[in-house]
Amino acid sequence: MKFEDLFLEIGGFGRFQILVLFILCLPRINLPMHFLLHNFLAATPPHHCAIPPQEAFENLTTEEVLLISIPRDPDGTFRSCEMFSQPQFQLLLNSSLQPENSSTTQHCQHGWVYDHSQFTSTIATQWDLVCEQRGLNQATATFFFIGVTIGAVIFGYLSDRFGRKAMLQLSLVCSVVFGMLSAASVSYSMLAITRTLTGVALSAERCLPLAGMEWVDIQHRTFSGILTSIFWSIGNMLLAMVAYLVREWHWLLVAVTGPCLLSIVCLWWVPESARWLIANGQVKQAHRNLLRCARMNGRKDFTLSPPFHLPQALRKMATDKKPGGSYSYISLFRTPVLRKISLCSGAVWFGVAFSYYGMSMNLTGFGLNMYLSQFVFGVIEIPAKIIMYVLVNRVGRRQSQAWSLILTGLCIGANIIIPKPFTSLRSIVAIMGKGFSESAFTTVFLYTSELYPTVLRQNGMGYTSFVARLGGALAPLVFLLDEVWRSLPEVTYCGVAVCCGSVAFLLPETLNVCLPEGIEDEGGGSGKQLEGANPLCSVTRSKNAEV
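Residues numbered from 1 in each chain as written. Predicted model: local features only at pLDDT ≥ 70, side-chain atom pairs only at ≥ 80, totals over all residues. Heavy atoms only, no water.

S.K.: Explanation requested: the UniProt feature "transmembrane region" (unreviewed entry) in the protein in the structure shown.
M.R.: Per the UniProt record, "transmembrane region" (unreviewed entry) is found at residues 6-26, 139-158, 170-193, 223-245, 251-270, 341-359, 371-391 and 403-422. For the annotated span residues 170-193, helix accounts for 83% and strand for 0% of the residues, and the straight-line distance between the end C-alpha atoms is 19 Å. End C-alpha to end C-alpha, residues 371-391 measures 31 Å, and it is 100% helix and 0% strand. (UniProt positions renumbered as here; feature names shortened; annotations may be inferred. Helix = DSSP H or I, 4+ residues; strand = E, 2+ residues; numbered from the N terminus.)

See the structure below:
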């Protein structure tokens, strides 16, 4: 007897599974609130150099003091990082006059004055992470994603070694501890370290979809993947509302970290994955968890039927688990076809993550209020996910992946050309681009799981996930390129998305193709037999269509 046969008897998708998925979706909501927190945590409000009081300024208004002390850009706005070395009193007579040479200006000498109308405080205003220190401000997001990358390696191994539930609980506890320490940071160094450690802790919550799907049958795994993915988008929308209500960065960190406490309490009810328990020889605990599932699903008497002697069946499943060959990440490049798949899929994942976080962290660049941008960007993700799940089964994985990423880049590029005064048009194009970006992210999970042979699938997903996190870590730093040319960040995001999307055309199509089982099958898409010709193909594909 196979586990899937047993699962059908206890109820592959009943009240038990619905409750488990609902509980696991609670911490899923919290993830984007941390992943995109940088938008509000490190926001830089309008600012200018602080002007020390002088006797000559006693009879001048604040506006007049700024006029003679701060140089202005051609559009009339005061510069954020420069001041006159000496007051330019002649500007009081004619404000259109310009200093004769640049030697009259210098960098801010006495700190900065910030506009607190939108934010009470951010880390930028707390430690003056502006102008020459602007790079440190952007680096806080990079530190967080570096932590996520490190944590993925650590918790990926630990979750297979000690179980999904134990690692999720440890992750949530550590997230609370490091999140609160971040809120209590008294220096930039302390914040950088604690945010990095928060990223390490939160990376374990990548097991949330896996922990949920290991409790549902094959037919409902795609549904559970969509559900957990939608709750990520709900978290995006909630972040906009929480940030709108909490304008002080310390309390904002507390507000987005606090819900982890509720998740810790609720997670005690969720049992360990029976599949993991069986794979690790813990038959008695798997037996108890399966009986609990059966009772809640109204299948109390299933063990009384002759074919199902549950303890014996579970022991046989555990005994039948034969270790396969030893495979490592090097195996992903062992054959020419696998090398091509690994290099191309790595490029696609980098482009997907790079463009997604590039758009998600540029809330003020498209003409909308940043809170509204965050909310709308979350809303558009939901229909994008649903539409893409239909398209991948109609036009194929390769075309869907390539064009969704290319169109993301084209939307970013279009907003470089559209003049700034056309705010409505820029906003519409940006929202469309965010939808395409989310479509690309949704597709890449499904597509990659079908490209690799079964024996390499986990290694393949781990490798591409690492590349994606590298893209996420680099995305915030690209904004610093605007010092070279104001549009260079957008040009970079556009170029990377279009190029990486074009690389997807080099990958094999996996729609209606038997998935490969071993390296000898030469990677995904090599199977020539359609699903209709072999019923096992549809089961295999369904098993691995996990998002």
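There's plenty left to go through after this.
S.K.: How should I be thinking about the state of the cysteines in this particular structure?
M.R.: The bond known as a disulfide is covalent and runs between the sulfur atoms of two cysteines. All chains considered together, the criterion is met by two disulfides. One disulfide in the model links Cys-81 with Cys-131; its S-S distance is 2.0 Å. Residues Cys-81 and Cys-131 are joined through a disulfide that is left-handed, its torsion about the S-S bond being -95°. One end of the pair, Cys-81, is in the loop between α4 (62-69) and β2 (82-84); the other, Cys-131, is in the loop between α5 (123-126) and α6 (134-162), and 50 residues separate them in sequence. No disulfide involves Cys-500; its sulfur sits 6.8 Å from the nearest other cysteine sulfur, which is in Cys-499. (Disulfide = S-S within 2.5 Å.)

S.K.: What am I meant to see in the side chain of Thr-140 here?
M.R.: Here Thr-140 shows up in helix α6. Within the local environment of Thr-140, its side chain forms a polar contact with the backbone oxygen of Asn-137, the two atoms lying 2.6 Å apart. Apart from the residues within four sequence positions on either side, Thr-140 is in contact with His-38, Ala-42, Ile-123, Tyr-188 and Leu-191. (Polar contact = N/O pair within 3.5 Å; in protein donor to acceptor, adjacent residues only side chain to side chain. Contact = heavy atoms within 4.5 Å.)

S.K.: I'm lost on the packing of aromatic side chains in this one. Help?
M.R.: Given two aromatic rings, one states the distance between the centres and the angle between the planes to describe the pair. For the structure on display, the rule yields 19 aromatic pairs. Both rings, one in Phe-333 and one in Tyr-463, keep their centres 5.8 Å apart while their planes meet at 80°; by these two values the pair is edge-to-face. Residue Phe-333 is found in the loop between α15 (310-320) and α16 (336-360), and its partner Tyr-463 is found in helix α20 (residues 457-474); the two are separated by 130 residues along the sequence. Residue classification places Phe-333 among the partly exposed residues on the basis of a relative accessible area of 30%. Ring pairing ties together the aromatic residues Phe-35, Phe-144, Phe-145, Trp-232, Trp-349, Tyr-356, Tyr-357, Phe-441 and Phe-445, which thus form one cluster. Note that Arg-247 overlies the ring of Tyr-244, its terminal NZ or CZ placed 4.7 Å from the centroid. Taking NZ or CZ as reference, Arg-292 lies 4.4 Å from the ring centre of Trp-269, over its face. (Phe/Tyr/Trp six-rings, centres within 6.5 Å; stacked < 30°, edge-to-face > 60°. Buried < 20%, exposed > 50% of the residue type's maximum accessible area, 1.4 Å probe, protein only. Lys NZ or Arg CZ within 6 Å of the ring centre and 35° of its normal.)

S.K.: Mind showing me how you'd approach the packing of α16 against helix α21 (residues 488-503) here?
M.R.: The description of two helices packed together rests on the angle between their axes and the distance between the axes. At a minimum axis distance of 8 Å, the contact between α16 and α21 shows a crossing angle of 150°. It follows from the interaxial angle that α16 and α21 lie roughly antiparallel. For α16 against α21, the interelement crossing comes out left-handed. Listed contacts from α21 to Cys-344, Ala-347, Val-348, Phe-350, Gly-351, Phe-354, Ser-355 and Gly-358 of α16 are Thr-492, Tyr-493, Val-496, Ala-497, Cys-500 and Val-503. A per-class count over the contact of α16 with α21 returns 10 nonpolar, four polar and no charged. (Axes fitted to C-alpha atoms, helices over the stretch in contact; angles between N-to-C directions. Parallel < 35°, antiparallel > 145°, perpendicular 65-115°, else oblique. Left-handed = near helix turned anticlockwise from the far one by under 90°. Nonpolar A, V, L, I, M, F, W, Y, C, P; charged D, E, K, R; others polar.)

S.K.: When you look at the packing of α16 against helix α18 (residues 397-417) in this model, what are you seeing that I'm missing?
M.R.: Where α16 contacts α18, the two axes come as close as 11 Å, and the packing angle between them is 35°. Like other packed secondary-structure pairs, α16 and α18 cross with a definite hand, here left-handed. Of the residues in α18, those touching α16 at Val-348, Gly-351, Val-352, Ser-355 and Met-359 are Gln-401, Leu-405, Thr-408 and Ile-412. Broken down by class, the residue content of the contact of α16 with α18 amounts to five nonpolar, four polar and no charged.

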